[in-house]
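# Descriptive structure summary
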Amino acid sequence: MCGNNMSAPLPAIVPAARKATAAVIFLHGLGDTGLVFILVSRPVMPVSLNMNMAMPSWFDIIGLSPDSQEDEVGIKQAAENVKALIDQEVKNGIPSNRIILGGFSQGGALSLYTALTTQQKLAGVVALSCWLPLRASFPQGPISGVNKEIAVLQCHGDCDPLVPLMFGSLTVEKLKSMINPANITFRTYSGMMHSSCIEEMMDVKQFIDKHLPPVD
């Protein structure tokens, strides 16, 4: 049984220095905890890949190969939970097109899936060391949703042993067939494993600065 109906920890919110006009919602990866920066943790649930050990997870992970079975129900429910977070920020006065959705590993995967299925127009997506879940469920050609022109920054280490670079390469090719390829940036980092580096963080900062510029 998927554990997505469990109560999730409340988001950690880093408040803006003045009235918020934009937001970055960042989703942790598997096993992690944790402008307005909203750092979102997941509920604890059994994960098949880890011998059903309970750990923070957005959805169940059954395998790590491109053709592994996926937790479709769990992925879709998790995406609805993220959409509810976006709705809450809109109610707080931040337009959805001033919100960047991002995440690392499983959180990045969920960010991509949510951005491609939501009816909320977003400013962009930051997808770090991740993949596109349920990729076979998407059309072969361009999507028709509100985010067909969305800006995407996808980053991956070339030495990642957990989510190999192949997953990132397959994902970016799929994304280019679905949304405007001119708006997709794919960065790889020499020697980086399933982690981060200063160069990647600088690329993320530049992306946020570009797509969430200050407003008067």
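Source: prediction; values computed, not measured.

What follows deals with the environment of S96. Along the chain, S96 falls in the loop between α1 (72-91) and β6 (99-104). Accessibility expressed as a relative area gives 16% for S96, which makes it buried. Sequence separation between S96 and A123 is 27 residues; the distance between their C-alpha atoms is 7.3 Å. With residues up to four places along the chain from it excluded, the contact list for S96 reads I86, V90, Q120, K121, L122 and A123. For S96, the side chain forms a polar contact with the main-chain oxygen of K121, separated by 2.7 Å.

Turning next to the pattern of salt bridges. Throughout the structure, instances matching the rule amount to four salt bridges. Between R187 and D203 there is a salt bridge whose closest N-O contact spans 3.9 Å. Separated by 16 residues along the polypeptide, R187 in strand β9 (residues 184-189) and D203 in helix α4 (residues 198-211) bring together distant segments of the chain. With relative accessibility at 41%, the residue R187 sits in the partly exposed group. Given a relative accessible area of 14%, D203 falls into the buried group. Residue D209 is joined to K205 by a salt bridge in which the shortest nitrogen-to-oxygen separation is 2.8 Å. In this pair, D209 and K205 are both assigned in helix α4, four residues apart and thus about one turn of the helix distant.

Another aspect to go through is the nonpolar core. Formed by 41 residues in total, the largest nonpolar core has its most connected members in L110, L112, L116, W131, V152 and I179. Elements that contribute at least two residues to this core include exactly β2 (23-27), α1, β6, α2 (106-117), β7 (124-128) and α3 (165-178). It is α2 that provides the largest number of residues to this core, a total of six residues. If near-sequence neighbours (up to four positions away) are discounted, L112 is found in contact with V125, A127, C130, W131, L132, V152, T171 and L175.

Glancing now at α3. Over its 14 residues, α3 extends 20 Å from the first C-alpha to the last, a length consistent with the 20 Å expected when each residue adds 1.5 Å. Every buried residue of α3 is accounted for by F167, G168, T171, V172, K174, L175 and M178. Taken around the axis of α3, the buried residues stretch over an arc of 165 degrees, which confines them to a single face. Those residues of α3 that are buried are in contact with α2, β8 (151-157) and β9.

With that settled, the discussion passes to the state of the cysteines. Inspection of every chain in the model, using the stated rule, returns zero disulfides. Between C197, a cysteine without a disulfide, and C155, which holds the nearest cysteine sulfur, the sulfur-to-sulfur distance is 8.5 Å. Judged by relative accessible area, C197 falls into the partly exposed class, the value being 25%.

What counts as what
Residues numbered from 1 in each chain as written. Predicted model: local features only at pLDDT ≥ 70, side-chain atom pairs only at ≥ 80, totals over all residues. Heavy atoms only, no water. Helix = DSSP H or I, 4+ residues; strand = E, 2+ residues; numbered from the N terminus. Buried < 20%, exposed > 50% of the residue type's maximum accessible area, 1.4 Å probe, protein only. Contact = heavy atoms within 4.5 Å. Polar contact = N/O pair within 3.5 Å; in protein donor to acceptor, adjacent residues only side chain to side chain. Salt bridge = Lys/Arg side-chain N within 4 Å of Asp/Glu carboxyl O. Core = buried A, V, L, I, M, F, W, Y, C linked by side-chain atoms within 4.5 Å. Expected span 1.5 Å × (residues − 1). Arc of directions from axis to C-beta. Disulfide = S-S within 2.5 Å.

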